[in-house]
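Overview (structure and organization)
Listed below are the residues making up each chain.
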Protein chains: 2
Amino acid sequence: MKKVPVKKVLILLSGGVDSSTALAKAIADGCEAIALSVSYGQKHIKEIKAAENIAGYYKIPLKKIDLNAVFADSDCSLLSGSNREIPLESYAEQIEKTGGKTPVSTYVPFRNGLFISAAAAVAISNGCTAVIYGAHADDSAGNAYPDCSPEFFAAMNEALKTGGNITLEAPFINMNKAQIVELGLRLGVPYDLTWSCYYGGETPCGKCGTCIDRANAFNIAYKIRGKNND
Amino acid sequence: MKKVPVKKVLILLSGGVDSSTALAKAIADGCEAIALSVSYGQKHIKEIKAAENIAGYYKIPLKKIDLNAVFADSDCSLLSGSNREIPLESYAEQIEKTGGKTPVSTYVPFRNGLFISAAAAVAISNGCTAVIYGAHADDSAGNAYPDCSPEFFAAMNEALKTGGNITLEAPFINMNKAQIVELGLRLGVPYDLTWSCYYGGETPCGKCGTCIDRANAFNIAYKIRGKNND
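Here's what I pulled together on the structure shown here. These figures come from a predicted structure and were not determined experimentally.

Between chain B and chain A, the superposition needs a rotation of 180 degrees and an axial shift of 0.0 Å, giving an RMSD of 0.0 Å. The operation mapping one copy onto its partner corresponds to a two-fold rotation axis. Among all residues of chain B, the one whose C-alpha sits closest to the rotation axis is alanine 155 of chain B, at a distance of 2.6 Å. Interface overlap between copies: 100% of the residues of chain B at the interface are likewise at the interface in chain A, consistent with a symmetric, same-surface contact.

We now examine the interface of chain B and chain A. As a measure of interface size, the accessible area lost when the parts come together is often cited. Taken together, the contact between chain B and chain A spans 33 residues of the former and 33 residues of the latter. Counting each side, the surface lost to burial between chain B and chain A is near 2,500 Å², with a carbon and sulfur contribution of 70%. When residues of chain B are sorted by the area they lose upon contact with chain A, Val70, Asp73 and Phe110 of chain B head the list and together hold 23% of the total. The tally of links between chain B and chain A comes to two salt bridges. Across the pair lysine 63 of chain B and aspartate 73 of chain A runs a salt bridge whose closest N-O atoms are separated by 2.9 Å. Put simply, chain B and chain A have nine residue pairs in polar contact (both at pLDDT 80 or more) between them. Elements represented by at least two residues in the side of chain B that touches chain A include exactly β3 (62–66), α4 (111–125) and α6 (150–164) of chain B.

Once that is clear, we can look at the pattern of salt bridges. Residue and element names in this part refer to chain A. On inspection of all chains with the given rule, the structure shows 14 salt bridges over all chains. Linking aspartate 29 and lysine 25 is a salt bridge whose minimum nitrogen-to-oxygen distance equals 2.9 Å. With a relative accessible area of 26%, lysine 25 lands in the partly exposed category. Between glutamate 52 and lysine 64 there is a salt bridge whose closest N-O contact spans 2.5 Å. Placement of the pair is glutamate 52 in helix α2 (residues 46–57) and lysine 64 in strand β3 (residues 62–66), with a sequence separation of 12 residues. You can call glutamate 52 partly exposed: its relative accessible area is 26%. On the basis of relative accessibility, which here comes to 46%, the residue lysine 64 falls in the partly exposed class.

About the cut-offs
Residues numbered from 1 in each chain as written. Chains lettered and ligands numbered in written order. Predicted model: local features only at pLDDT ≥ 70, side-chain atom pairs only at ≥ 80, totals over all residues. Heavy atoms only, no water. Least-squares fit on C-alpha atoms with pLDDT ≥ 70 in both. Contact = heavy atoms within 4.5 Å. Buried area = accessible area lost by both parts, 1.4 Å probe. Salt bridge = Lys/Arg side-chain N within 4 Å of Asp/Glu carboxyl O. Polar contact = N/O pair within 3.5 Å; in protein donor to acceptor, adjacent residues only side chain to side chain. Helix = DSSP H or I, 4+ residues; strand = E, 2+ residues; numbered from the N terminus. Buried < 20%, exposed > 50% of the residue type's maximum accessible area, 1.4 Å probe, protein only.

The values reported here are purely geometric and, on their own, carry no functional implication.
Rendered as C-alpha cells:
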C-alpha cells in the first residue's frame, strides 16, 4: 500500500551537500518533495547540473528559474559579471580578514531572501505547505553569510507565514556541516552527484572556501562514523 | 548649493498611485532615489509604461526586472497564464465572499515578498540603505493581500536587516488610500501619468477592484482638500 505523504514540501536545491541532504531528510521523513534550482549568474552551471542529477536520483520534479537579472549590479566575486577573484582560502581565514564585520566576497546580496521568496511563490502555486532550505551554523559563523543566520531564518519564516500562509524550515540551522554529512551518509545521499566547488572545472579545485569546508566536513563525519561503528 | 541627500533609497515602483506617492514623498524628504519596476506576468504592460513615465517625470533611474518565470504555476487571475477572470467588483465585495479567510483572486502568491527581496538585492548592489514600498491599510484589510499587512512588513524588515543590513520602509502602512492621495495631491504627484486598472485597455475599465478603490480614494481626498481650503 502506498504511504500517504506527511506533507508536500519544496526544497531549495543548489546541488551541493547541504541542500541534497535536506532533500534526503525530507523524503526520509515521509514528505512528498519537489525541488527548485535557481540560476543567479554564477560563473559556471555545474551546480545546476548537480541539482538535476540529485533530483533525478530521487525521482522528484525539479523546477528551474533564472534570476540573473536581479544581481546585474552586484560585484560579488561568485557572479559572472564580476571581475573580483573568488578567494582561495577557507571561510575562517576570510572571516579573520573581515573581522566578522562584513560578509565574505562570495556573499550574493540578499540571495537567500530572494531564493526563499521565489521558492514560497512556487511552493504556494504547487500546493506545498513548507519551503525547506539547507542553511547551517558554519555558514553564518563570523557573519560570513548573514542570510544563513538563525535571526534571518526566523524573520523569513514569519514573513512566509504572514504573507503566504506557508512555513519555512531550516532543519540544519543549528548543525555544522560535518553533522549534516554524517546524517547524509546514514541516509545514503549520493554525494558523488553533488557539486560544491565555486569554480566550474573538470574536478573540484580543492582550494576555495567551499572545497576546504566540504573536505573538512567529510573528514570529521567519517571519523564520527568510524567511532560509532567501533 | 546642491543639497546632500539624506540617504539613498530604492522605491518599488509599480506605476500606480501608492508607489508613485511613496517616490514623491522620498524625494520631498530629501532622499536620493532609484526605482525598480518588476514584470511578473501581468496581463498587460500599462503599469510598466506608467512606471517609466513617473520615473522620467522625477528624473530618477528606473531598473526593470522580469520575474515572470517565478509565477509560471500560479492560477492568480491577474496573470497572463491564468484563465480566471479578474473580478469586476470592489475589494469589499470580494472579501465578503472569501469571509476574510483566503486572499482575493488577484493575490499573486508571495509577490511582495519576492519583489522586496529582489529590491533588497538591487538596493544593496547600488549602495542604497533602504527599500521603500507602498503597502497601505486598505490592501491588507480582510486578509485581501496578506503580503501588505503590518505583520508581514515587520517580518520582512527584520529579514532585510539581519540578512542584508538594509531597512524596509512602508510609509503608508497605517494610512488608507484616500490619505495617500491627499498627501500626493499636496506633493504635486502627476497622477495623470499613473495607471491602476487591472485591465490594459485604452482607458481604465472603472469596474475592477482597483479602479473602484482609486475613484473612491480620489473622491474622499478631494473632499478633505476642499474642507481644508475653506
